[in-house]
Amino acid sequence: MWDDFDDNDFDEDDMAEFQRRKEELNSHPLKLKGMEIFDLTHALVGSLDEARKELYGGLMLESAGLLPAKFSGAHGVDDYIIKMENAVIMKVHAKSLQSMTYQLALEGTHAEEHLQLLRDAIVEFKELFREWIKGFDGAERYDDGWGLFLD
């Protein structure tokens, strides 16, 4: 009944290539920094009081979680437009997360040095991000019908 799925067209070379690309992705400095930001954010949110956790926690964790997720989505494709869309989402969420550290500072919820750790990680992320986007190949564009990132 399911003959289409019985044949295993995935050979050892394909598996080796898959493993190589997976390792390349997971060891990329930008992905690692994104995961570090998520861990720092998780610790920070975990120490918030219940009211602030409800107010800021979900937004902060969403923003932090999107950084490595959108990197993975962009890194795995050649399409310039998809890469740029994911890059913009990453930028917006990194800036939002950084802004929330200043809001928490105004509210006096954390020692400044704890908030500064997250801010410093975001600055490092930004530097890695800027290097990463320089490698995007603008020739690999496919019009998605929305008109963004086209000349």
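Residues numbered from 1 in each chain as written. Predicted model: local features only at pLDDT ≥ 70, side-chain atom pairs only at ≥ 80, totals over all residues. Heavy atoms only, no water.

Caption draft 1: Fine view of the nonpolar core. Counting 28 residues, the largest nonpolar core has I37, M60, M90 and W132 as the members making the most contacts within it. Residue assignment for this core shows that the elements contributing at least two residues are α3 (29-46), α4 (50-75), α5 (80-107) and α6 (112-134). Broken down by element, this core gets its largest block of residues, 8 residues, from α5. Once residues lying within four places of it in the same chain are set aside, the contact partners of W132 are H28, L30, F71, A74, H75, A87 and M90. (Core = buried A, V, L, I, M, F, W, Y, C linked by side-chain atoms within 4.5 Å. Buried < 20%, exposed > 50% of the residue type's maximum accessible area, 1.4 Å probe, protein only. Helix = DSSP H or I, 4+ residues; strand = E, 2+ residues; numbered from the N terminus. Contact = heavy atoms within 4.5 Å.)

Caption draft 2: Seen up close, the pattern of salt bridges. For the structure shown, the criterion picks out 9 salt bridges. Across the pair D49 and R52 runs a salt bridge whose closest N-O atoms are separated by 2.7 Å. Here D49 falls in the partly exposed class, since its relative accessible area comes to 38%. Among the ionic pairs, E131 bridges to K134, the shortest N-O distance being 3.0 Å. (Salt bridge = Lys/Arg side-chain N within 4 Å of Asp/Glu carboxyl O.)

Caption draft 3: Looking closely at the packing of α4 against α5. Look at α4 against α5: their axes get within 9 Å of each other, and the N-to-C directions meet at 155 degrees. When the axes of α4 and α5 are compared, the pair comes out roughly antiparallel. Where α4 crosses over α5, the two elements pack in a sense that is left-handed. Looking at side-chain class alone, the contact of α4 with α5 contains 14 nonpolar, 7 polar and 4 charged residues. (Axes fitted to C-alpha atoms, helices over the stretch in contact; angles between N-to-C directions. Parallel < 35°, antiparallel > 145°, perpendicular 65-115°, else oblique. Left-handed = near helix turned anticlockwise from the far one by under 90°. Nonpolar A, V, L, I, M, F, W, Y, C, P; charged D, E, K, R; others polar.)

Caption draft 4: How the structure looks around a negative patch on the surface. Side chains of D11, E12, D13 and D14 sit close together on the surface and give a patch of like negative charge. Position of D13 relative to the elements: it lies in helix α2 (residues 12-26). (Patch = residues over 30% accessible without salt bridge, like charges linked within 9 Å, V, L, I, M, F, W, Y side chains within 5 Å. Areas by Shrake-Rupley, 256 points an atom, 1.4 Å probe, with all protein chains shown as cover. Lys, Arg positive; Asp, Glu negative; His and termini not counted. Charge placed at Lys NZ, Arg CZ, Asp CG, Glu CD.)

Caption draft 5: Examining α4 more closely. Relative to the 38 Å expected for 26 residues at 1.5 Å per residue, α4 spans 37 Å between its end C-alpha atoms, a close match to the ideal helical length. Where α4 bends most, at Y56, the angle is about 45 degrees. In this structure, the buried residues of α4 make contact with α2, α3, α5 and α6. A distance of 3.2 Å separates the backbone nitrogen of A51 from a side-chain oxygen at the start of α4, and that oxygen is part of D49. (Expected span 1.5 Å × (residues − 1). Bend = angle between axes of the 7 residues up to and from the residue. Polar contact = N/O pair within 3.5 Å; in protein donor to acceptor, adjacent residues only side chain to side chain.)

Caption draft 6: Representation of the packing of aromatic side chains in the model. With the rule as written, the count across this model stands at 4 aromatic pairs. Ring plane angle 55 degrees and centroid distance 5.1 Å describe the contact between F71 and W132, whose orientation is recorded as tilted. Of this pair, F71 sits in helix α4 while W132 sits in helix α6, and the two are 61 residues apart along the sequence. In this pair, the class of F71 matches that of W132, namely buried. Sitting above the plane of the Y102 ring, R119 keeps its charged end 4.0 Å from the centroid. (Phe/Tyr/Trp six-rings, centres within 6.5 Å; stacked < 30°, edge-to-face > 60°. Lys NZ or Arg CZ within 6 Å of the ring centre and 35° of its normal.)

Caption draft 7: Geometry of the packing of α3 against α6. The geometry of α3 relative to α6 is characterised by a closest axis approach of 9 Å and an angle of 160 degrees between their N-to-C directions. It follows from the interaxial angle that α3 and α6 lie roughly antiparallel. Two packed elements cross with a definite hand, and for α3 against α6 that hand is left-handed. Contacts between α3 and α6 involve P29, L30, K33, G34, E36, I37, L40, T41 and L44 from the first element and H114, L115, L117, L118, A121, I122, E124, F125, L128, F129 and W132 from the second.

It is worth stressing that arrangement in space is one thing and function is another; only the former is reported here.
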